[in-house]
Amino acid sequence: MSFLNLIIIALRALQRNKLRAFLTMLGIIMGVGSVIAMVAIGQGSKQSIHDSLSNMGSNMITVMPASNLNGGVKISGSSFQTLTDKDIIALKQQGQYITDISPSVTAKGQAIIGPLNWPTSMQGVDPAYLDIRKLTLKDGIAFTEQDVQTSAKVCLIGQTVIDNLFPNGENPIGKVIRFGNIPFQIIGILNPKGQNAFGQDQDDILIAPYSTVQKRILATIYYQNIYASAANEQVTDQAVTEITSILRESHRLRDSEDNDFQVRTQEELINTLSSTSGLLTVLLTVIAGISLVIGGIGIMNIMYVSVTERTREIGLRMSIGARGKDILLQFLAEAVLISITGGIIGVILGIISCRLVTLILGWPTIISESSVLLSFVVCALTGIFFGYYPAQKASRLDPIEALRYE
Amino acid sequence: MSKTILEIRELKREFTMGAETVRALKGISFTVQAGEFVTIMGSSGSGKTTLLNILGCLDKPSIGDYLLDGVDVKKLSRDELAQLRNHKIGFVFQAYNLLPRTTALENVELPLLYNREVSAEERRKRAIHALEAVKLADRHDHTPSQLSGGQQQRVAIARALVNEPVMILADEATGNLDSRTSYEIMALMQELNKTQGKTIVFVTHEPDIASFSHRTILLRDGIIQKDTPNENIRSARKVLDNLPVTDDY
């Protein structure tokens, strides 16, 4: 019996009992449909959780100066001056897991415009800092590399500072404020970020080129921090190791010496991120598994009934020349056709319900090709697995007894 | 001379049921030539069904030989037997055994689906041809439930013809039919035998039906009691023509 004939035989057999075939399929349709929809909704919410966590800069790495002296009174790391331009250049040249890098210096002081003033701090950074911290501009433009080289007197302004220096709602862009004794032109407005995890107001800030803050305000050649971002959350650990070895080399530390700096990551954020996605994945896999097993049992049940009910048919087929193998393949093919057809309808239904969920409830959904492909493969396997036993039973019937079965 | 289609020598068949051995066939021999129309008769318990199963290659003899068209059945495996049935035997059953909710044409095509040498086109052509041979050319798309008993049996006969077997094996093929329809079926059998030279082995317990064949083998208690050629072969067509038509309604 050729493959084509096998398919014809199985299709004709299913055709004789369309309603039953459809009802059997229903289990698979529901199973696959819900898997597709669940996974899509899960992926969607995972993505949106991921996005909001990434917004906090989950792949951000902070380098701080530290003491490497043994004994004596321990002094706060920030009092040390170990990070310089040399480190930045080394990191930029050798770093493979780092995408963005920015030095940082902070000056505290009074921001003044006309009769109004406000105590705030000015952070001097590289333009890349905005990407590292996921800061965005509400209005205006960011400063550039050019501004860094010329130590330009320009700054970006946070919402809290605006509220205090421009209480009447005038547009701050283009206005000149004084910080200390230095006039700065405001060229951009930062989108508000609210408080951080420790209740600090992240919008109470002015951001300027680091060279400007270093030379014009602090008169120093050292950096207080270096910020970098790892290429993604997964390589954060590698990035930390890399930064450490580059900086040790740049600082000419011997093997016996401790680091004179600290490298920190947003470990808590990363852990939250991976545990959230891990939980979702496990949950969805379990749902998918259960629904497909139920669908599969439905197929097995019907195939069993069908073998008993069609005993005479099996006898007839054997008497006109079907081998045991042919009967086995026929019943397997029927089971697989049911499960695959159910799978196709289920995928379509799942995609439609995803669209509906997005349309009506406004939930984000992401239909991944892998989930479609996977549920399809699982369907076919379900058909084979649950169809095999009944099919084997059918193929082992004795044609003489089967023909006379009442 | 004509070719020997079927040769049985000292055939015995025994079944073991628990501790007891039931001897259903106790050593029978006969041959059937190509183009013969043979009936096998016997009451229940005579071994008729056992013989039929063996003739149909559904069962194998315990002792003795069975050669079908020169092939020694005893040496074949289960799968090879299936293939032999597919190529050389056309079954006609008492209960028609058509697939329900399946058109006549598809029912007739069925044996050819298990023969990989036949293409789809050829299959269709042969099925149409077989339906023409049983005078049901206009009933291709009818399902069994839309056909009368006689028509259903004719579809079954078409199915038996479609693989061009060396022998048609009918098992009480008229058992479920009224006499008029029975005669119609027998007339068809006689016609196939005469015009197409089909070899037919017909198992029945009705002497009336046996009188249409060339030769009757009478089985009793597992042995052949009588194997006689029919002196006076009746024509089913004539019997049919002579039937009063009053019972038509």
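About the cut-offs
Residues numbered from 1 in each chain as written. Chains lettered and ligands numbered in written order. Predicted model: local features only at pLDDT ≥ 70, side-chain atom pairs only at ≥ 80, totals over all residues. Helix = DSSP H or I, 4+ residues; strand = E, 2+ residues; numbered from the N terminus. Rg over C-alpha atoms; globule rule 2.2 N^0.38 Å. Buried ≥ 20, exposed ≤ 12 C-beta atoms within 10 Å, placed from the backbone. Expected span 1.5 Å × (residues − 1). Arc of directions from axis to C-beta. Contact = placed C-beta atoms within 7 Å. Nonpolar A, V, L, I, M, F, W, Y, C, P; charged D, E, K, R; others polar. Pairing = 2+ DSSP bridges. Axes fitted to C-alpha atoms, helices over the stretch in contact; angles between N-to-C directions. Left-handed = near helix turned anticlockwise from the far one by under 90°. Domains from an automatic or database assignment.

A. The arrangement of the overall build of chain B in detail. When you go through chain B residue by residue, the secondary structure sums to 8 helices and 10 strands. In summary, chain B has a C-alpha radius of gyration of 18 Å against a globular reference of 18 Å for 249 residues, a match within 12%. Residue burial in chain B is summarised as follows: out of 249 residues, 46% are buried.

B. Broad picture of helix α8 (residues 236-250) of chain A. All names here are of chain A. The first and last C-alpha atoms of α8 sit 21 Å apart over 15 residues, in line with the 21 Å expected at 1.5 Å per residue. When α8 is considered as a whole, its buried residues turn out to be Thr236, Ala239, Glu242, Ile243 and Leu247. For α8, the angular spread of the buried residues around the axis is 125°, confining them to a single face. Of the exposed residues in α8, those oriented more than 90 degrees away from the buried face are Thr241, Ser245 and Glu249. Just beyond α8, the residue with positive phi is Arg252, at close to 55°.

C. Here's a closer look at the interface of chain B and chain A. In this assembly, 23 residues from chain B lie in contact with 20 residues from chain A. Among the elements of the structure, α2 (78-88) and α3 (104-113) of chain B are those that each provide at least two residues to the side of chain B that touches chain A. With 6 residues, α2 of chain B is the single largest residue contributor to the side of chain B that touches chain A. For the side of chain B that touches chain A, a count of residues per class yields 9 nonpolar, 7 polar and 7 charged.

D. Quick peek at the pairing of strand β1 (residues 60-65) of chain A. Residue and element names in this part refer to chain A. Here 4 bridges tie β1 to strand β9 (residues 225-230), and the two strands are oriented antiparallel to one another. Directly across from Thr62, in β9, lies its bridge partner Tyr227. Alignment of β1 against strand β10 (residues 261-265), held across 5 bridges, turns out to be antiparallel. Directly across from Pro65, in β10, lies its bridge partner Phe261.

E. Quick look at the packing of helix α1 (residues 3-15) of chain A against helix α11 (residues 324-361) of chain A. All names here are of chain A. Taken N-terminus to C-terminus, the directions of α1 and α11 make an angle of 65°; their axes are 9 Å apart at the nearest point. The interaxial crossing formed by α1 with α11 has right-handed handedness. Contact residues: α1 offers Leu6, Ile7, Ile9, Ala10, Leu11, Ala13 and Leu14, while α11 offers Leu329, Gln330, Ala333, Glu334 and Leu337. Each residue belonging to the contact of α1 with α11 can be placed in one class, and the counts come to 10 nonpolar, 1 polar and 1 charged.

F. Looking closely at unusual backbone geometry. All names here are of chain B. The backbone of Asp69 shows a phi angle near 50°, a positive value even though the residue is not glycine. Of note, Glu172 is a non-glycine position whose phi angle comes to about 50°, a positive value. Position of Glu172 among the secondary structure elements: in the loop between β7 (167-171) and α6 (179-195).

G. Inspection of the domain arrangement of chain A at higher detail. Splitting chain A by domain gives domain 1 (3-52 + 272-403) and domain 2 (60-265). Inter-centroid distance (C-alpha atoms) of domain 1 of chain A to domain 2 of chain A is 57 Å.

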